[in-house]
Amino acid sequence: DNYQQSYPWYNYTIKPIPGPDYGEEKIINFEDFSLRFVVINTYPYECEVSLADNGNSSYDDIVIPSGITIRGYSCKVTTIAGQGFGWSYVSSVKLPNTITNIEYEAFYACNNLTNIKIPSSVISIDNSAFRYCSNLETIEVQGGNTVYDSRNNCNAIIETENNKLIAGCKTS
């Protein structure tokens, strides 16, 4: 007790860091679409992304940013949320090289989706991520990906270590 009172810190209280909380979300409206970002990790700040409206609108050329700012803090976009774009009318999506996870049914039944390029940063793709994408024509895994490949321009996602087919398309 005497020790604490003899130093200047006995009057200080520790305040929490004012950054975004786990589960906090932010919706950003772009010209033709809106994206929802949800904080999934608070150190470092990471978030998942999904369409804010999976309604009847048609979306061309969605470009997902590599990061956003929530309450003044940078949050890296690392995950395509489960069912995040599912049942939507998305025709193409550009994924940033910060994406590491594509969760269950992320693009489920996206019948307008015609092509997708998987960045080299992706280390986890759920088996159902591209299920029922009936018009998907091209799938490419970027070179340098250590987990997945699209060998010989096969238009498929193959788990390299065990040669497991994750997703194919009508031209596979």
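Predicted, not measured: the structure shown is a model, and the values here were computed from it.

The sheet contact formed by strand β1 (residues 25–29) and strand β2 (residues 34–42) spans five bridges and is antiparallel. Residue I28 lies in a different strand from β2, and its bridge partner there is L35. With antiparallel pairing between neighbouring strands as the criterion, β1 and β2 make up a hairpin whose turn holds four residues.

On to the sheet that holds strand β15 (residues 157–159), then. If you walk across this open sheet you meet the three strands as β14-β15-β16, and the pairing is antiparallel. Looking along the sheet, the strands with just one partner apiece sit at the ends: β14 (148–149) and β16 (164–167). As judged from the two bridges shared by β14 and β15, these two strands associate in the antiparallel manner. The residue bridging Y148 from the neighbouring strand is E159, located in β15.

Another point: the pattern of salt bridges. Pairing between side chains of opposite charge can happen when their charged atoms approach one another. This structure, assessed with the given rule, holds five salt bridges. Of the charged contacts, one joins D21 and R71 as a salt bridge, the two residues approaching to 3.9 Å between their closest N and O atoms. Of the two residues, D21 is situated in the loop between α1 (2–5) and β1 and R71 in the loop between β6 (67–70) and β7 (73–80); the sequence distance between them amounts to 50 residues. By relative accessible area, D21 is classed as partly exposed at 49%. In this structure, K117 engages E140 in a salt bridge whose closest nitrogen and oxygen atoms are separated by 4.0 Å. In this pair, K117 sits in strand β11 (residues 115–118) while E140 sits in strand β13 (residues 138–141), placing the two residues 23 residues apart along the sequence. When its relative accessible area of 41% is taken as the criterion, K117 is described as partly exposed.

The rules behind these values
Residues numbered from 1 in each chain as written. Predicted model: local features only at pLDDT ≥ 70, side-chain atom pairs only at ≥ 80, totals over all residues. Heavy atoms only, no water. Pairing = 2+ DSSP bridges. Helix = DSSP H or I, 4+ residues; strand = E, 2+ residues; numbered from the N terminus. Salt bridge = Lys/Arg side-chain N within 4 Å of Asp/Glu carboxyl O. Buried < 20%, exposed > 50% of the residue type's maximum accessible area, 1.4 Å probe, protein only.

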